[in-house]
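Observations on chain architecture
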Amino acid sequence: MSRMIWPTIAKKRNTPILNPLRCVFDVLFKRQDYVTELEEAFAKFYRARHALATESGRQAMELAVRSFKLSKGDEIIFPSLTFSELPAIVKGMGQVPVFVNCGEDFNIDVGELKRKITPRTRVIVATHMFGKGCEMEQVVRIARQKKIRVIEDCAHVQGVYRKNRLLGSYGDAAFFSFQNKKPINALGGGMLITNDAGVYDSARRTVSKQADLGLAVISSFVRNYAELALSNGYAYPAQILWWKIRANAKAVPGAHFALDKTKKFSHLQARIALDQLESIEKANGRRLDLARKYAKGLEGLDVALPDMREGENGFYAFVALSNEVSKMRKRLSSEGIETGGGESAVNNCGAIYDPKGDYRKTNSVMRRMIELPMCQQLTDGDIRRICSQIRKALK
Ligand SMILES: Cc1ncc(COP(=O)(O)O)c(C=O)c1O
């Protein structure tokens, strides 16, 4: 069973293949500037002054960091549990990634964050892991006191709130990912939002020099579809192999897709993303509904559930904690049910980049976490089946 998300298109409930074909048709024959439309829609949704579509979430983060004009050796704080290519990007630019352990909610531990700040700290990248916002009021307060910039990593949260405020609206800038597992799936791409004209102008200058994807958009489309087709429980090993083939050979463990930062986000991707942005709250609502069904189905088991409060978790992924994850994994994978598609992209980066540091806390969380299938296309019956397999595994 797959947790991957076909690009679903608001209002029109066509088959997954037909929806993107309709987008291809629109792009070829209507020839609108869908990229600008998406940027405007994002800026409006987030009440941000500026939005800029990028080749990926990674590129959006890189552009935001570059716009701060940091010096070599300046420090950038990341949660230790994060997407492992982000620290590599800042290292490549000459800055030093510094890591803070995560708590049991997978987000940055704010107490430890205070202790990791030094006179060289310039930026905090606050990641809202798996759909739940981190303690942004505190992060922003700490940062403001020390004149540190804050970038929110919203790759896992689109249209998600914390205490009635949209995640992505707290920091100096925020970035999103439209990679094919994300809440908005445009078969790759990203978005940078900010109220800071300096950040936007600098990022826009770089992107406007980039080439259009041109016909490569078709091959990217086909490649991403091949990947989605492989994202079936039984074909999962083949998918991992495919990722490895595509992964950048120089990347750190847990490497994701290779980046082509020379290309612009395309109108086709923007067209696909636009409809999903329109229906994002509905999709998030459906995932909350499915999460509650999991909670009911797992009642009484030795499994710690994620935050279930309405409006506080977008459930990009349903990640639970248990001391019995290996039993659960074994049983679920024998039934063709994938566990850990999203988790595999994030890693204990402190342990990778700073082997002398103490990242046991993050390690302990990682050892106990299990990602159960989650996407709005799952049915209530799917959840019942998964929960009943987990019950069998833990009996
Ligand atoms: C937490 C997190 N941040 C950033 C990214 C990077 O997004 P992209 O693949 O669009 O570069 C990812 C991708 O999976 C992610 O999981």
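Here the residue numbers are simple positions, counted from 1 along each chain's written sequence. Side-chain atom pairs in this predicted model are given and counted only at pLDDT of 80 or more, local residue features only at pLDDT of at least 70, and totals for whole chains, interfaces and linings cover all residues.

Describing the overall build of the chain
- In terms of regular secondary structure, the chain is built from 15 helices and 13 strands.
- For the chain, the residues scored as buried account for 46% of the 395 residues in total.
- Sequence separation of at least 24 residues holds for 72% of the intrachain contacts in the chain that already meet a minimum separation of 6. Secondary structure follows DSSP: runs of H or I at least 4 residues long count as helices, runs of E at least 2 residues long count as strands, and numbering of each begins at the N terminus. In this scheme every C-beta is placed from the backbone, and a residue whose C-beta has 20 or more other C-beta atoms within 10 Å is buried, one with 12 or fewer is exposed, and one in between is partly exposed. Any residue pair is listed as a contact if its two C-beta atoms, each placed from the backbone, are within 7 Å.

Overview of the environment of Ala273
- Among the secondary structure elements, Ala273 is positioned in helix H10 (residues 267-278).
- Considering only alpha carbons, one finds Ala273 and Leu187, 86 residues apart in sequence, at a separation of 9.0 Å.
- Residues contacting Ala273, with those up to four places away along its chain left out, are Leu38, Phe178, Ile184 and Ala186.

What to know about the environment of Arg162
- One can find Arg162 in strand E7 (residues 161-162).
- Classification of Arg162 by C-beta neighbours within 10 Å gives buried; the count is 20.
- Along the primary structure Arg162 and Gly133 are separated by 29 residues, whereas in three dimensions their C-alpha atoms are 6.0 Å apart.
- Those residues in contact with Arg162 that lie beyond four places of it in its chain are Gly133, Met136, Leu167 and Glu312.

Some remarks on helix H2 (residues 34-46)
- Between its terminal C-alpha atoms H2 stretches 18 Å, which fits the 18 Å expected from 13 residues at 1.5 Å a residue.
- Listed in full, the buried residues belonging to H2 are Tyr34, Val35, Leu38, Glu39, Phe42 and Tyr46. Each buried residue of H2 sits inside an arc of 140 degrees when the element is viewed along its axis, so together they form one side. For H2, the exposed residues lying more than 90 degrees away from the buried face are Glu40 and Lys44.
- A positive phi of about 50 degrees marks Arg47, the residue just after H2. To estimate how far a helix should reach, multiply one less than its number of residues by 1.5 Å. By construction, the arc corresponds to the directions joining the helix axis to the C-beta atoms.

Quick look at the site of the ligand
- By definition, a residue lies near a molecule or strand provided its backbone-derived C-beta atom is within 6 Å of it. As a matter of local geometry, the ligand sits amid 16 residues, with Ser56, Gly57, Arg58, Ala155 and Ser177 nearest to it.
- Elements with a contribution of two residues or more to the shell around the ligand: helix H3 (57-67) and strand E3 (81-83).
- When its residues are assigned to classes, the shell around the ligand shows 5 nonpolar, 9 polar and 2 charged. Polar here means any residue outside two lists: the nonpolar Ala, Val, Leu, Ile, Met, Phe, Trp, Tyr, Cys and Pro, and the charged Asp, Glu, Lys and Arg; Gly therefore counts as polar.

Looking at the nonpolar core
- The term nonpolar core refers to a set of buried Ala, Val, Leu, Ile, Met, Phe, Trp, Tyr and Cys residues connected through C-beta atoms within 7 Å. Grouped together as the largest cluster of nonpolar side chains are 98 residues, with contacts concentrated most on Ala64, Phe175, Met191 and Leu192.
- Counting residues per element, this core draws most heavily on H10, which supplies 6 residues.
- Each domain span listed reflects an automatic or database assignment of domains. Looking at this core, you find at least three residues from each of domain 1 (6-278) and domain 2 (279-394).
- Other than its neighbours up to four places away in sequence, Phe175 contacts Gly57, Ala60, Met61, Ala64, Ile151, Asp153, Cys154, Gly190, Met191 and Leu192.

Comments concerning the packing of H2 against H10
- The interhelical angle for the contact between H2 and H10, taken along N-to-C directions, is 30 degrees, at an axis separation of 8 Å. Judged by the twist between their axes, the crossing of H2 over H10 is left-handed. On the side of H2, the interface is formed by Tyr34, Val35, Glu37, Leu38, Ala41, Phe42 and Phe45, while H10 contributes His267, Ala270, Arg271, Ala273, Leu274 and Leu277.
- The residue inventory of the contact of H2 with H10, partitioned by class, reads 10 nonpolar, 1 polar and 2 charged. Here an axis means a line fitted to C-alpha atoms, over the contact stretch when the element is a helix, while the angle between two N-to-C directions is reported on a 0 to 180 degree scale. By convention, the crossing between two helices is left-handed when the near helix turns anticlockwise from the far helix through less than a right angle, and right-handed when the turn is clockwise.

A word on the confidence of the model for the chain
- Model confidence for the chain is summarised by a mean pLDDT of 85, while 82% of its residues fall at 70 or above.
- Confidence scores here are pLDDT values: one per residue, from the predictor, ranging 0 to 100. Confidence drops under a pLDDT of 50 for residues 1-16, and excluding neighbours within four residues, the segment shows 45 contacts in the predicted structure.
- Confidence drops under a pLDDT of 50 for residues 247-258, and excluding neighbours within four residues, the segment shows 24 contacts in the predicted structure.

Re the pairing of strand E5 (residues 121-127)
- Most of E5 sits out of view: 6 of its 7 residues are buried.
- Sheet topology places E5 next to strand E6 (residues 149-153); 5 bridges connect them, and they run parallel. Each bridged residue has a counterpart across the sheet, and for Val123 the counterpart in E6 is Arg149.
- Handedness of a crossover is defined as follows: orient the strands so they point away from the viewer, and if the path from the first strand over the helix to the second runs clockwise, the crossover is right-handed. Taken together, E5, helix H6 (residues 136-145) and E6 form a β-α-β motif whose crossover is right-handed. Any two strands with at least two DSSP bridges between them are considered paired.

Some points on the environment of Ser266
- Looking at the secondary structure, you find Ser266 in the loop between helix H9 (236-246) and H10.
- Considering only alpha carbons, one finds Ser266 and Ala186, 80 residues apart in sequence, at a separation of 9.7 Å.

Overview of the pairing of strand E1 (residues 50-54)
- Of all the 5 residues making up E1, 4 are buried; the element is thus mostly covered by neighbouring parts of the structure.
- Where E1 meets strand E10 (residues 190-194), 5 bridges bridge the pair, whose relative direction is antiparallel. Bridge pairing links Thr54 to Gly190 in E10.

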